[in-house]
Amino acid sequence: MSETLYLLLDQNVQVHSPHVTLQDIARLSCSDSKTLNRVRVMPVTVLDEKKPGRYVMSVTELLTLIQKKEPGLNITPIGEPTFLITLQKEPAGSRLLRWGKIFFICLAVFFGSAFSIMTFNSDVDIRALFSQIYTQVTGQTSSGFTILEISYSVGIGLGLIFFFNHFGKMKLSDDPTPMQVQMRTYEDDVNKTLLEDAGRKGSIREE
């Protein structure tokens, strides 16, 4: 009785070496350990290390390669019929440069958010609104620094923390943050577009 190899493929697999083996791009399962060890190190393709990027490959290409090496092996693919191989170079540069990039992004996000909040407040004239509410409720003229302004400022900060579900390394719950959801949605849309485009043009190629 021939053995069965189960081949689990994700939509996008990241590799750091241009010499791609089967175990680099798929999760494998087989009851015969010897067969499993052989197919794990089976060469799949050699990418152009001078051109890091996304490459599209189909499961039928993998089946053909495996069947040439293991003709008596039953193969059951699980997962994506076509998938992306992302060749990414190891991050270069010093730790100081990486921290500099992080610091720059933090500044851009901080001042960009602050500018957006200030322009929104100016558009709706929140200062005049708070002054009017304070005068109507207390009968006194607002100084511009009352409980309304204080609670509003604190509320914006707390609201952002609760909305993004993230503060430093601390998370308020195990749910993914809205930013993680949006990044995952964007990544899935990019992968889907590349795979559909590759389906019209052929097999493995650089994106």
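Predicted, not measured: the structure shown is a model, and the values here were computed from it.

Thoughts on the overall build of the chain
- Assigned secondary structure in the chain consists of seven helices and eight strands.
- Residues counted as buried form 25% of the 207 residues belonging to the chain.
- A separation threshold of at least 6 residues defines the contact pool for the chain, and within that pool the share at least 24 residues apart is 62%.
- Of the accessible surface of the chain, which amounts to about 14,600 Å², a share of 60% is contributed by carbon and sulfur atoms.

Digging into the pairing of strand β1 (residues 4-9)
- Side-chain alternation along β1 places L5, L7 and L9 on a buried face and T4, Y6 and L8 on a face that remains uncovered.
- As paired strands, β1 and strand β7 (residues 74-79) are joined by six bridges and run parallel to one another. Among the inter-strand pairings, L8 is bridged to a residue of β7, identified as I78.
- The sheet contact formed by β1 and strand β4 (residues 26-29) spans four bridges and is antiparallel. Its bridge partner lying in β4, Y6 is registered against S29.

Side note on the sheet that holds strand β6 (residues 53-58)
- One open sheet accounts for three strands, arranged β2-β8-β6; its pairing is mixed. The sheet is open, and its two borders are formed by β2 (12-15) and β6, each paired with just one other strand. Within this sheet the neighbouring strands show an average axis-to-axis angle of 25°, counted without direction.
- Strand contacts of helix α3 (residues 59-69): β6 and β8 (82-87), with the helix running at about 65° to β6, the strand carrying the most contacts.

Calculation rules
Residues numbered from 1 in each chain as written. Predicted model: local features only at pLDDT ≥ 70, side-chain atom pairs only at ≥ 80, totals over all residues. Heavy atoms only, no water. Helix = DSSP H or I, 4+ residues; strand = E, 2+ residues; numbered from the N terminus. Buried < 20%, exposed > 50% of the residue type's maximum accessible area, 1.4 Å probe, protein only. Contact = heavy atoms within 4.5 Å. Areas by Shrake-Rupley, 256 points an atom, 1.4 Å probe, with all protein chains shown as cover. Pairing = 2+ DSSP bridges. Axes fitted to C-alpha atoms, helices over the stretch in contact; angles between N-to-C directions.

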